[in-house]
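# What the coordinates show
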Amino acid sequence: MGIFNPLVIGDLKAERPVIQGGMGVGISLSSLAGAVAKAGGIGIISTAQIGFRDPDFLKAPLEANLRAIKTELDKARALAPKGILGFNIMVATKNYALYVKEAVKAGADLIISGAGLPVSLPEFVKGTKTRIAPIVSTAKSALVICKMWDRKYARIPDMVVIEGPLAGGHLGFSRDQLKDYGADTENVTETYDQAAYDQEIQEIMGVVKQYGDKYRQHIPVVVAGGIYTREDVEHAMELGADGVQVATRFVTTEECDAPMCYKQAYIDAKEEDIVITKSPVGMPGRAIKNAFLDYVSGHKAEIRHCYQCLEHCDPRTVPYCITRALVGAAEGDLDHALLFCGSNAYRADKIETVDQVMEALVGV
């Protein structure tokens, strides 16, 4: 496959059809997002506890996070004045609507939203230029969102992101679904059933096209989860995708906001170190096995403070505080950290620049 077409989302046009996936806490902030946008892709900042460095974060996390949304977007804009920049905002976030409204107010070009079904997202961006894209993993979830937005708001998504079972962090699949696709093992390259999920992708695209046709518009579809090489990009495009979303490959770049020891953990990881773990809120997640995961698999970690991060989380019953574990990763305290990653993290063997990664993925 030769030169890839630009990714067009309404009035937004990315010369290179690559969206950098949102990674929280503190892994995709202004530095990474700005660099990707400057390189012709779409840079995405994660709002997950985005204000963790704010001096008031401990006592007023919501206010610290809302302030940081504008700060990080402004810094990214300074790096890429003409680039496309947006946010990944999890539906599971406590005060989700406030985060979306703050991102819109700050001037986000795009909001990508998963970790739950963003059924009310359109009402928070009404009358603005901010484009919205749900993340789905199944045809069923795509149908629910398209049907709901059509009926309640008389609109359709500006883009749909299909995130497969090889993605990093929280996954939109049950443990049984991961098992069905062979994506729950420690040597996933040997067991993963790519053809089975390709069929799901085609079914999701069918749902999206049905609603696009109804509104006489093309809804671009972006494939995510396990995209690491140019061959992966080409495979997604052959399935009919308009673009790809890539996260793990950007972690081991100079511009990534993660500390160097976090990046080194990817470089040092072997395939068998990448495991499926259970998040405190019950969702499966993919991460690098470390001392922290070993400890919480058999013990309940002490929780001294609730950061009000997730809608459905009870500090009295969860095995550990996910904010503390992810902030630990962002601050380089790896023995007390949850190191989220995609299935291909073990393939990283060096630090690259964002430009080098973009060239490898979609360069001529």
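The structure we're discussing is the one just above.
This write-up is about the structure you can find in this document.

Reading guide: rules and limits
Residues numbered from 1 in each chain as written. Predicted model: local features only at pLDDT ≥ 70, side-chain atom pairs only at ≥ 80, totals over all residues. Heavy atoms only, no water. Core = buried A, V, L, I, M, F, W, Y, C linked by side-chain atoms within 4.5 Å. Buried < 20%, exposed > 50% of the residue type's maximum accessible area, 1.4 Å probe, protein only. Helix = DSSP H or I, 4+ residues; strand = E, 2+ residues; numbered from the N terminus. Contact = heavy atoms within 4.5 Å. Axes fitted to C-alpha atoms, helices over the stretch in contact; angles between N-to-C directions. Parallel < 35°, antiparallel > 145°, perpendicular 65-115°, else oblique. Left-handed = near helix turned anticlockwise from the far one by under 90°. Pairing = 2+ DSSP bridges. Right-handed = clockwise from strand over helix to strand, strands pointing away.

## Some points on the nonpolar core
- Among the nonpolar cores identified, the biggest contains 117 residues, and Phe87, Val100, Ile111, Ile162, Phe250 and Leu338 are the most heavily contacted of them.
- Per-element accounting of this core gives the leading share, 7 residues, to helix H8 (residues 194-214).
- Setting aside its immediate chain neighbours within four residues, Ile162 contacts Val136, Tyr197, Ile201, Ile204, Met205, Val221, Val222, Val223 and Ala224.
- If you look at the next biggest cluster of nonpolar residues, it comprises 16 residues, including Ile19, Ile135, Met159 and Ala224.

## Looking at helix H13 (residues 322-331)
- Taken across its 10 residues, H13 has 8 buried, putting it largely inside the fold.
- Taken together, the buried positions of H13 are Ile322, Thr323, Ala325, Leu326, Val327, Gly328, Ala329 and Ala330.

## Re the packing of helix H2 (residues 61-79) against helix H3 (residues 96-106)
- At a minimum axis separation of 9 Å, H2 and H3 run at an interaxial angle of 30°. Between H2 and H3, the angle is such that the two are roughly parallel. When the axes of H2 and H3 are compared, the crossing they make is right-handed. On H3, the residues that touch Leu62, Asn65, Leu66, Ile69, Lys70 and Leu73 of H2 are Leu98, Tyr99, Glu102, Ala103 and Ala106.

## Section: unusual backbone geometry
- Cis geometry marks the peptide bond from Gly24 to Val25, where omega comes out at 10°.
- With respect to the element layout, Val25 can be found in the loop between strand S3 (18-20) and helix H1 (30-38).
- The phi angle at Asn95 is positive, at roughly 65°, despite the residue not being glycine.
- Summarising the element assignment, Asn95 is placed in the loop between strand S5 (84-88) and H3.

## Side note on the pairing of strand S10 (residues 221-224)
- Side chains Val221 and Val223 of S10 all project onto a buried face; the interleaved residues Val222 and Ala224 project onto the opposite face, where all are buried too.
- Relative to strand S11 (residues 243-246), S10 is paired through 3 bridges, and the arrangement is parallel. By the bridge assignment for S11, Val222 is matched with Gly243.
- Regarding topology, helix H9 (residues 230-238) serves as the crossover connection from S10 to the parallel S11, and that connection is right-handed.

Shape is all these values report; function is a separate question.
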